[in-house]
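Here is how the chains run, residue by residue.
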Amino acid sequence: NKQAVMSLYRNTVWFFKGLKEFTKNGFLSASKMFKEDDLEVDCSGRHYMITGANSGIGKCIATEIAKRGGTVHMVCRNPSSAEEAKQDIIDASNNSVNNAGCMFNIRELTEDNLEKNFVTNTLGTYILTTQLLPLIKQSEKPRVVTVSSGGMLVQKLDYTDMQFEKMKPFDGTLAYAQNKRQQVVMTEQYAKQHPEVYFSCMHPGWADTPSVCTSMPDFYSKLKDKLRTPDEGADTAVWLAVSPAAVQHPAGLFFQEILLPLTCLWHQPK
């Protein structure tokens, strides 16, 4: 049918776009235009809370901010891996650290009867952000950065099936992409509702992280030699979090690279 054809078309276009722009070569190409002094920032006296900071991109973001003197608050699910990561960050940065996304490929519910991808990627982001906003607003020039995904480019916003009850068969990759679309929409709305806070979201590219390896094993095995390093994936998020140059762009944008803020389409419901 027409919808299936359009879905195949979007996924095909997205994949070839990804091979060109989301891989290590895409990062190396874009990085030729980066301004190194954008990240020559002293973060001393500022606090940064980073979810999923014990591995992959989150750990790289935490390390880079700690190196610049920022106080990092790590939010992690696994205490033992968090403690190990904390020590790694201290060793790398010589700074103190005060101590998330997922992709479930089988539809699973929490004890509250909520689908796990939605709870972690969308609801968790919403609750954490809204509960902390009163405190965030007390800071000087506060920022909130959400790590989204270019996978959201293949999904229109569909608010009629937030729990993926109608998705048959269930597809964890598509559910994740829909969650990431929801994060982008939330970022845009937060920016409009809370102009005193600089909200942004970004795509880290296709990076070689533990979560990609475990959640997308086929994708990982085929493209592992082309993937970005976690540091390369974290680069734009660090820039959005600390650089004065970042806030020269309007709030609420989705960034693919430092130089490529994108205006997102397809927010209208199906």
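Conventions and cut-offs
Residues numbered from 1 in each chain as written. Predicted model: local features only at pLDDT ≥ 70, side-chain atom pairs only at ≥ 80, totals over all residues. Heavy atoms only, no water. Helix = DSSP H or I, 4+ residues; strand = E, 2+ residues; numbered from the N terminus. Buried < 20%, exposed > 50% of the residue type's maximum accessible area, 1.4 Å probe, protein only. Areas by Shrake-Rupley, 256 points an atom, 1.4 Å probe, with all protein chains shown as cover. Phe/Tyr/Trp six-rings, centres within 6.5 Å; stacked < 30°, edge-to-face > 60°. Contact = heavy atoms within 4.5 Å. Core = buried A, V, L, I, M, F, W, Y, C linked by side-chain atoms within 4.5 Å.

## As for the overall build of the protein chain
A count of helical and extended segments in the protein chain gives nine helices and seven strands. Once the C-alpha set of the protein chain is aligned to its principal axes, its extents read approximately 55 × 45 × 40 Å. In the protein chain, which comprises 270 residues, the proportion classed as buried is 46%. A total of about 14,300 Å² of accessible surface is found on the protein chain, and carbon and sulfur atoms cover 54% of it.

## Describing the packing of aromatic side chains
One pass over the structure, following the stated rule, counts eight aromatic pairs. For the ring pair Phe15 and Phe16, a centre distance of 5.8 Å and an interplane angle of 80° mean the geometry is edge-to-face. Owing to a relative accessible area of 30%, Phe15 belongs among the partly exposed residues under this scheme. Phe16 sits in the exposed class, given a relative accessible area of 54%. Their ring planes at 20° and their centres at 5.1 Å tell us that Tyr190 and Phe199 sit as a pair that is stacked.

## Notes on the environment of Gly252
Among the secondary structure elements, Gly252 is positioned in the loop between helix H9 (230–242) and strand S6 (254–255). Residue classification places Gly252 among the buried positions, given a relative accessible area of 8%. Separated by 129 residues in sequence, Gly252 and Leu123 place their C-alpha atoms 18 Å apart. Aside from chain neighbours lying at most four places away, what touches Gly252 is Thr187, Glu188, Ala191 and Phe199.

## Looking at the nonpolar core
In this structure, Ile50, Ile61, Ile65, Val72, Val242 and Phe255 are the most contacted members of the largest nonpolar core, which totals 29 residues. Elements that contribute at least two residues to this core include exactly strand S1 (47–51), helix H3 (56–67), strand S2 (71–75), helix H4 (79–93), strand S5 (198–202) and H9. Sorting elements by how many residues they give to this core places H9 first, with seven residues. Apart from residues lying up to four places away in sequence, Ile61 is in contact with Ile50, Val147, Ala234, Ala237 and Val238. Membership of the second largest hydrophobic core comes to ten residues, among which are Trp14, Ala177, Val212 and Leu227.

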